Every structure is written in C-alpha cells, then in structure tokens.
Amino acid sequence: MTRDRAIKRAVRERAASTGEKYTQARRALFGATGDAAPDAVSAAFVEFDRQLATLLERGHPRAAGMGDTAFGAAIEPLRGVAAALDPAADPDAGRFGFVIVVSGPLVPVSTSITLVRRRGRAGVLSMLTPEELAAFGPIKQVALPAGAAYLMSGVDDGRDSRNHTPDDGLAAILARGRSPLTIEEGIALVTHFPEAVATNGGLSLAGSRCGDRRVCALWISRGAPKLGWCWAGNPHTWLGIASCAGRVGVGPA
C-alpha cells in the first residue's frame, strides 16, 4: 500500500469512528493544514502493523473467540489514531512510543499473560488465581477508553522510581500529570516489547487494584516473564512504577 493510500485509509477510519467529516478527520490527524509528515506517518504505520502482527501471531484472536480477520478488523480503526502519535521507542532508556492494548473483557489478563513470549519463554501467572486476578480493576484516577482495544502513548518503565514504594511512586506519577499502567497495559507492553522486563528490571502496575494492599507487577523468574504482586508499601530495587502519557481509543467495538 502506498503512503497516500494508507493516509486516506487512516482518515476514512477516523471519520467513520468519530462521525467527523473527511476534512475534519484529516486535520485532527495531521494538523491545521491537513498535511502529513511522510516519515512520521510511515513509521507509525510500520509500528502499528508490527504490533498487530504480533497479536495475531501470539494467538489473541483465538483467545478472544474470533478469527484473524474479525480480530484485525476490531483493531484496525486504531490505525488512524496511531498516525498522529510518535512511534519512536528507546527500550534501553525504558521509553516506548505507542502500544496497542487489548481490553480485558476481550482477552482476560489470566490468558493474555500466557501469550507473552520473551526469548522463547512464555509468560506465567503466579501468586494469584485467575479469579483473584479478575478482581483487580482500574483505580479511580485511571479512565480507560471504551472498545475492544486502544492505544497508550508515551510509555515509561519507571526506572527512576525503582526502590520507591508503589504508593510513593504513584503519587509522583500523578503529580507529573502522567498515569500508572494497569495490568492489561503492562502485559501489552511486554507483549510488543518483551525486553521491557528484564532480570533486574520489572514493572509495578499501580493502575490496577482490588481493594487491598497488593499491587501487581511483572518481572523475570527462572527466565520467564511472571505476573505476580508486591505490597503497596514495600520498595524493591528492581521494580519501577510504569506509567504512560495518555490513552486514546475510537469507541465501542
């Protein structure tokens, strides 16, 4: 597909999802002049396609009870949103551009963690039963877009908050106008960027709670990505409170 065709498709999909006219949708995506920056748009589409391919390869359609075509159609409207986001990532610095997040109602987190692959090892659920995990939900400061999936942007692994308690790290994140990652978002990050979690660098996911003092986290255990939990008042030298700059979707699937 040529760049011009890809841009037109992104604009049409945004217009269809928002009810905007074509010119309004184009301006919303590419600025007041309606002109796209070729390199930025191309890079965003390449990264979007990579992440969609990862979801298909890892088996998310089957986990959602859908075929590949139907699943892809549910994700595709986000392409127009991605076109307006910076896809640049610097994993060595713990920063990531945008990430496709599949909603928990579509694929439960107890399943999505098992679809993670890092250096040939599958993700595992530990310290929690699927029923306990299902009790976790977004904290009141986190508003999630509606729909089968959405994009989060400006993701940071929180390495500057290592050795801080999740309670203290959360307060600092909110004070900076950022938002803590939920469990679904942490799993999405390591699905698309497996090296975001390392032997000495895990992710505390303070955006999800279940009413007690547990905060879920992702780390490496016996070479595999593990989803478990730590206490909200306990610091760990290898756990950072992950956050994002924003979230955007296109409405119900």
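A. Up close: the overall build of the protein chain. A tally of regular secondary structure across the protein chain gives 10 helices and 14 strands. Rg of the C-alpha trace for the protein chain: 18 Å, near the compact-globule value of 18 Å for 253 residues, within the 12% margin. Its C-alpha atoms put the protein chain at 50 × 40 × 30 Å along the principal axes. Counted over contacts in the protein chain with a minimum sequence separation of 6, partners at least 24 positions apart contribute 73%. Across the protein chain, 29 positive and 24 negative side-chain charges occur, with their mean positions spaced 1 Å apart.

B. Expanded view of helix 5 (residues 68-75). Here helix 5 has its buried residues at Phe 71, Gly 72 and Ile 75. Axial view of helix 5: buried residues confined to an arc of 100°, hence all on one face.

C. Representation of the pattern of salt bridges. Summed over all chains, the structure comprises 12 salt bridges. Across the salt bridge formed by Arg 79 and Asp 49, the nearest N and O atoms sit 2.5 Å from each other. With Arg 79 in helix 6 (residues 78-82) and Asp 49 in helix 3 (residues 38-58), the pair connects residues that are 30 residues apart, well separated along the chain. Between Arg 118 and Glu 195 there is a salt bridge, and its shortest N-O distance comes to 3.0 Å. In this pair, Arg 118 sits in strand 2 (residues 117-118) while Glu 195 sits in the loop between helix 10 (183-192) and strand 8 (202-204), placing the two residues 77 residues apart along the sequence. Its relative accessible area of 40% is what places Glu 195 among the partly exposed residues. Bridged by salt links that share partners, the residues Asp 49, Glu 76 and Arg 79 form one connected network.

D. Representation of unusual backbone geometry within the structure. The phi torsion at Met 127 lies on the positive side, around 70°, for a residue other than glycine. Take Met 127: it is sitting in the loop between strand 4 (124-125) and helix 8 (130-134).

E. Broad picture of the sheet that holds strand 4. Within the open sheet, the 5 strands sit side by side as 4-11-10-8-12. Their pairing is mixed. In this open sheet, the two strands that pair with only one neighbour each are strand 4 and strand 12 (239-241). The pairing of strand 10 (residues 214-221) with strand 11 (residues 224-231) spans 8 bridges and is classified as antiparallel. Note on strand 11: the bridge partner recorded for Ala 217 is Gly 228. Sheet strands in contact with helix 10 are strand 8, strand 10 and strand 11, and its direction is about 15° off that of strand 10.

F. Structural detail: the pairing of strand 6 (residues 149-156). Counted residue by residue, strand 6 has 6 buried out of 8 residues, so it is predominantly covered. Examined bridge by bridge, strand 1 (residues 95-102) and strand 6 share 7 bridges and lie antiparallel to one another. Looking at strand 6, one finds that Phe 96 is bridged to Val 155.

Procedures and definitions
Residues numbered from 1 in each chain as written. Predicted model: local features only at pLDDT ≥ 70, side-chain atom pairs only at ≥ 80, totals over all residues. Heavy atoms only, no water. Helix = DSSP H or I, 4+ residues; strand = E, 2+ residues; numbered from the N terminus. Rg over C-alpha atoms; globule rule 2.2 N^0.38 Å. Contact = heavy atoms within 4.5 Å. Lys, Arg positive; Asp, Glu negative; His and termini not counted. Charge placed at Lys NZ, Arg CZ, Asp CG, Glu CD. Buried < 20%, exposed > 50% of the residue type's maximum accessible area, 1.4 Å probe, protein only. Arc of directions from axis to C-beta. Salt bridge = Lys/Arg side-chain N within 4 Å of Asp/Glu carboxyl O. Pairing = 2+ DSSP bridges. Axes fitted to C-alpha atoms, helices over the stretch in contact; angles between N-to-C directions.

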